[in-house]
Amino acid sequence: MNIIISNSSNEPIYEQISKQIKNLIFNGELSEGELLPSIRSLAKELKISVITTKKAYERLEGEGFIDTVPGKGSYIAGQNKEILREKRIKVIEEKLMEAVEASKVINLSLEDLKEILEVLYKNQ
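Residues numbered from 1 in each chain as written. Predicted model: local features only at pLDDT ≥ 70, side-chain atom pairs only at ≥ 80, totals over all residues. Heavy atoms only, no water.

Caption draft 1: The arrangement of the packing of aromatic side chains in detail. For the coordinates displayed, the defined rule picks out one aromatic pair. Here the aromatic rings of Phe 26 and Phe 65 are separated by 5.9 Å at their centres, their planes lie at 85 degrees, and the arrangement is edge-to-face. Of this pair, Phe 26 sits in helix 1 (residues 13-26) while Phe 65 sits in the loop between helix 3 (50-62) and strand 1 (66-69); the two residues are 39 residues apart in sequence, bridging distant segments of the chain. For Phe 26, a relative accessible area of 23% corresponds to the partly exposed category. Relative accessible area serves as the criterion here: at 3%, Phe 65 is assigned to the buried category. Above the plane of the ring of Tyr 14 lies Lys 55, whose end atom (NZ or CZ) is 4.2 Å from the centre. (Phe/Tyr/Trp six-rings, centres within 6.5 Å; stacked < 30°, edge-to-face > 60°. Helix = DSSP H or I, 4+ residues; strand = E, 2+ residues; numbered from the N terminus. Buried < 20%, exposed > 50% of the residue type's maximum accessible area, 1.4 Å probe, protein only. Lys NZ or Arg CZ within 6 Å of the ring centre and 35° of its normal.)

Written out as structure tokens, the structure is:
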């Protein structure tokens, strides 16, 4: 599992970890029942605190992405792909709402906003 921590990011390290693991799940790189590295081994690999790694795993478990079995480890939870997709769409909608609100503050037209989105979408 390849997780990259950015020290220059404003995002807390535990959020960077949980977000990257979610992306690996969404992209099918981690599948149901797959064992994640132990909290200690991931912390050692990333050269971060065990507490930070634990917080990331707790967050993932709380959101239903992983299941933890005491003494055995943490596994990718079985989830319906459609539910995962819906969760992702909800996040996109929230971010787009922020963009809409910001565009209204500067009186940016809907057409200009659509054009910006289209350019960004095509250039990715």
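Now, onward.
Caption draft 2: Region of the structure containing helix 1. If you check helix 1, its first and last C-alpha atoms are 20 Å apart, about what 14 residues at 1.5 Å a residue would give, namely 20 Å. Considered for burial, the residues of helix 1 that qualify are Tyr 14, Gln 16, Ile 17, Ser 18, Gln 20, Ile 21, Lys 22, Leu 24 and Ile 25. Backbone geometry just after helix 1 places Gly 28 at a positive phi near 80 degrees. (Expected span 1.5 Å × (residues − 1).)

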